[in-house]
Amino acid sequence: MKAQIAKIKTLFEALPYIRKFSEKTIVIKYGGAAMADESLKKSFARDVVLMKSVGLNPVVVHGGGPQIGGLLERLGIKTRFVNGIRVTDDKTMDVVEMVLVGKVNKEIVGLINHYGGKAVGIGGKDGGLINARELKIKGAKMGRAGEVESINPALIRTLEDNSFIPVIAPVGCGSEGRSYNINADTAAGSIASALGAEKLILLTDVTGVLSKAGKLHSTLTPAHARRLITTGAATGGMIPKIKCCLGAVANGVKRAHIIDGRVEHAVLLEVFTDAGIGTVMAAKKELQELVTA
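Every value quoted in this text rests on a predicted model; they were computed, and no experiment measured them.

To summarise the sheet geometry, strands pair through backbone hydrogen bonds and adopt either a parallel or an antiparallel arrangement. Taken in spatial order, the 8 strands line up as S5-S8-S2-S1-S11-S13-S14-S12 in an open sheet, and their pairing is mixed. Here the strands that pair on one side only, and so sit at the sheet edges, are strand S5 (119-123) and strand S12 (219-220). Summarising the sheet, S12 and strand S14 (residues 279-281) pair through 2 bridges and their orientation is parallel. The residue of S14 that forms the bridge with leucine 220 is methionine 281. Against the sheet, helix H6 (residues 184-195) contacts strand S1 (25-30), strand S2 (57-62), strand S8 (165-169) and strand S11 (199-204), and its axis sits at roughly 175 degrees relative to S1.

Here you go:
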């Protein structure tokens, strides 16, 4: 009986959040361990289905770096990175597009649908969703590695309005129909901004943004986040994630979250519980409302 009562209490804890976020868009960048571990893959798919079932509008943007790297290695195509970005020549772009759009995307769609969702897989080229251009890095030629020029969210809106769950592969389209490989965090942030999303959630393989002493920053204002970068407290792969969140918050996304995708049902824990997990970044006023809620 105690276990059953605990379950009911959990539902009551989630109820105000279900009401608050009903019909709101939540963009989730899906990657890392959450895409590799079989139990976590199932957990994530069920999370997304539940969110849609209670009235939220989840939009999934996924990565696929390890899968791309694995196929490139099997094909004998060498990979080079600049500032953590894969230099993408024409042969590599063919592999990127094949893996992201043709394989990884459809696996995610299949799993969500298996658990009762109505997912539709699309690439950034579909409906002119992600307009891209070559990424410029001083002293390097990045080839088909791209950056977002603009987002056309019309296709996503159409899918949402018809109760579908968009699952997006971050392949953009440039001039003359050229494909570009877009960083998934960057794509998710740009899409969240274009949609005016309530939340942007980045699934990572760490507990969140940490201090130099290893303590979790559960909340961050944009000013505090920028200081973490300038002082060197934030390093490595966390820097682009923080910048992604900064851009999203600056462009109308209410809250941006960096959470640990290695935790089962991480997305539900962040969205539907009082404590949440990981780090949330928002304007100071929004964080004050969060604390007093």
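Burial analysis of S11 places 6 of its 6 residues in the buried class, the great majority of the element. Across 4 bridges, S1 lies against S11 in parallel orientation. The residue bridging lysine 29 from the neighbouring strand is leucine 202, located in S11.

The next thing to look at is unusual backbone geometry. Leaving glycine out, the prevailing phi sign among residues is negative, and the prevailing peptide bond configuration is trans. In this structure, asparagine 83 takes a positive phi of about 55 degrees despite not being glycine. Along the chain, asparagine 83 turns up in the loop between strand S3 (81-82) and strand S4 (85-86). At histidine 265, a position not held by glycine, the phi torsion is positive, near 60 degrees. Mapping histidine 265 onto the fold places it in the loop between strand S13 (255-260) and helix H9 (266-272). We classify histidine 265 as partly exposed; its relative accessible area is 26%.

Here we take up empty space enclosed by the protein. Per the stated rule, a full pass over the model turns up 1 cavity of 30 Å³ or more. Estimates place the volume of the largest cavity at around 60 Å³. Lining of the largest cavity is provided by Ala34, Leu40, Ser43, Phe44, Asp47, Leu203, Gly261, Val263, Glu264, His265, Ala266 and Val267. Elements with a contribution of two residues or more to the lining of the largest cavity: helix H2 (38-53) and H9. Per element, the largest residue contribution to the lining of the largest cavity is 4 residues, and it comes from H2. Counted by class, the lining of the largest cavity contains 7 nonpolar, 3 polar and 2 charged residues.

The subject of this paragraph is the environment of alanine 33. Tracing the backbone shows alanine 33 in the loop between S1 and H2. Sequence separation between alanine 33 and valine 209 is 176 residues; the distance between their C-alpha atoms is 17 Å.

This structure, assessed with the given rule, holds 2 aromatic pairs. When the centroid spacing of 6.5 Å and the interplanar angle of 25 degrees are considered together, the rings of tyrosine 17 and phenylalanine 21 count as stacked. Linking tyrosine 17 with phenylalanine 21, this pair stays in helix H1 (residues 2-21), spanning 4 residues, or about one helical turn. With a centroid separation of 3.9 Å and 5 degrees between ring planes, the pair formed by tyrosine 30 and phenylalanine 44 is classed as stacked.

When two helices pack together, their arrangement is given by the angle between the helix axes and the distance between those axes. Look at helix H7 (residues 222-230) against helix H8 (residues 238-250): their axes get within 10 Å of each other, and the N-to-C directions meet at 155 degrees. With respect to each other, H7 and H8 are oriented roughly antiparallel. Crossing handedness for the pair H7 and H8: left-handed. Contact residues: Pro222, Ala225, Arg226 and Ile229 in H7; Ile239, Ile242, Lys243, Leu246 and Val249 in H8.

A few words on the state of the cysteines. Counting across every chain of the model gives 0 disulfides. Between cysteine 245, a free cysteine, and cysteine 244, which holds the nearest cysteine sulfur, the sulfur-to-sulfur gap is 5.4 Å.

The next point concerns the side chain of arginine 86. Summarising the element assignment, arginine 86 is placed in strand S4. Buried arginine 86, no salt bridge; nearest opposite-charge side chain is glutamate 73, N-O distance 9.3 Å. A distance of 3.4 Å separates polar atoms of two side chains, one belonging to arginine 86 and the other to threonine 79. If we ignore the near neighbours within four places in the chain, the residues touching arginine 86 are Gly65, Ile68, Gly69, Leu72, Thr79, Arg80, Phe81, Thr92, Met142, Ala145 and Asn181.

Reading guide: rules and limits
Residues numbered from 1 in each chain as written. Predicted model: local features only at pLDDT ≥ 70, side-chain atom pairs only at ≥ 80, totals over all residues. Heavy atoms only, no water. Pairing = 2+ DSSP bridges. Helix = DSSP H or I, 4+ residues; strand = E, 2+ residues; numbered from the N terminus. Contact = heavy atoms within 4.5 Å. Axes fitted to C-alpha atoms, helices over the stretch in contact; angles between N-to-C directions. Buried < 20%, exposed > 50% of the residue type's maximum accessible area, 1.4 Å probe, protein only. 1 Å grid on protein atoms, 1.4 Å probe; cavity = no way out; pocket = protein on both sides within 12 Å on 5 of 7 lines; lining within 4 Å. Points joined across faces, edges and corners; volume = space filled by probe spheres on them. Nonpolar A, V, L, I, M, F, W, Y, C, P; charged D, E, K, R; others polar. Phe/Tyr/Trp six-rings, centres within 6.5 Å; stacked < 30°, edge-to-face > 60°. Parallel < 35°, antiparallel > 145°, perpendicular 65-115°, else oblique. Left-handed = near helix turned anticlockwise from the far one by under 90°. Disulfide = S-S within 2.5 Å. Lys, Arg positive; Asp, Glu negative; His and termini not counted. Salt bridge = Lys/Arg side-chain N within 4 Å of Asp/Glu carboxyl O. Polar contact = N/O pair within 3.5 Å; in protein donor to acceptor, adjacent residues only side chain to side chain.

So far we have only geometry, and geometry alone does not tell us how the molecule works.
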